[in-house]
Amino acid sequence: MSPIRRFASADFSRVRSWAAGGAPVKLRLVKGANLAMEKVDAELHDWNPAPYAMKGETDANFRRMLEFGCRAENAHAVRLGVASHNLFDVALALEIDTL
């Protein structure tokens, strides 16, 4: 799941709700994946662009989704994997997970 999309947090919440009733699902949170493709796809189909316009918005959404996925009440339903080239974000994921 990519936090570049404006509606990714809502999607994450829906996946968590769906998974809460059964076996846990694995979800990979990938920062910055496919930004160029998302923009091209929107242009080709005459859609409103899904990605955030500014990098700071994507970074903030990534951290919100990371915190949501690491909450104890969500961790039983969603097994969260984190992918980023930014070592700070990987370290943040590890730190949040230990709280």
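In case you missed it, the structure is sitting above this.
Overview of the structure. (Residues numbered from 1 in each chain as written. Predicted model: local features only at pLDDT ≥ 70, side-chain atom pairs only at ≥ 80, totals over all residues. Heavy atoms only, no water.)

Examining the pattern of salt bridges
Okay, so step 1: By the definition in use, this model includes three salt bridges.
Okay, so step 2: Note that Arg-14 and Asp-11 form a salt bridge whose closest N and O atoms lie 2.4 Å from each other. Here Asp-11 and Arg-14 lie together in helix α1 (residues 8-19), a separation of three residues that amounts to about one turn.
Okay, so step 3: The exposure class assigned to Asp-11 is buried, which follows from its relative accessible area of 17%. (Salt bridge = Lys/Arg side-chain N within 4 Å of Asp/Glu carboxyl O. Helix = DSSP H or I, 4+ residues; strand = E, 2+ residues; numbered from the N terminus. Buried < 20%, exposed > 50% of the residue type's maximum accessible area, 1.4 Å probe, protein only.)

Focus: the nonpolar core
Okay, so step 1: Phe-12, Leu-29, Met-65, Leu-66 and Val-78 are the most contacted members of the largest nonpolar core, which totals 15 residues.
Okay, so step 2: In terms of residue count, helix α3 (residues 55-70) provides more of this core than any other element does, five residues in total.
Okay, so step 3: Excluding its chain neighbours within four sequence positions, the residues that come into contact with Leu-29 are Met-1, Pro-3, Phe-62, Met-65, Leu-66, Leu-80, Gly-81, Val-82 and Ala-83. (Core = buried A, V, L, I, M, F, W, Y, C linked by side-chain atoms within 4.5 Å. Contact = heavy atoms within 4.5 Å.)

Quick notes on the packing of aromatic side chains
Each aromatic ring pair is characterised by the separation of its centres together with the angle its planes make.
Okay, so step 1: For the structure shown, the criterion picks out one aromatic pair.
Okay, so step 2: An angle of 80° between the planes, with centres 5.2 Å apart, marks the rings of Phe-12 and Phe-68 as edge-to-face. Taken together, the residues Phe-12 in helix α1 and Phe-68 in helix α3 connect sequence positions 56 residues apart.
Okay, so step 3: With relative accessibility at 1%, the residue Phe-12 sits in the buried group.
Okay, so step 4: What makes Phe-68 buried here is its relative accessible area of 18%. (Phe/Tyr/Trp six-rings, centres within 6.5 Å; stacked < 30°, edge-to-face > 60°.)

Some thoughts on the packing of α1 against α3
Geometrically, a packed helix pair is captured by the angle between its two axes and the distance between the axes.
Okay, so step 1: Relative to each other, α1 and α3 sit at 15°, their axes nearing to 10 Å. Between α1 and α3, the crossing angle belongs to the class labelled roughly parallel. The element α1 and its partner α3 pack so that their crossing is right-handed. Contact residues: α1 offers Ala-8, Ser-9, Phe-12, Ser-13 and Arg-16, while α3 offers Asn-61, Met-65, Phe-68 and Gly-69.
Okay, so step 2: Looking at the contact of α1 with α3, its residues break down into four nonpolar, four polar and one charged. (Axes fitted to C-alpha atoms, helices over the stretch in contact; angles between N-to-C directions. Parallel < 35°, antiparallel > 145°, perpendicular 65-115°, else oblique. Left-handed = near helix turned anticlockwise from the far one by under 90°. Nonpolar A, V, L, I, M, F, W, Y, C, P; charged D, E, K, R; others polar.)

By themselves, these are just geometric observations and shouldn't be taken as functional.
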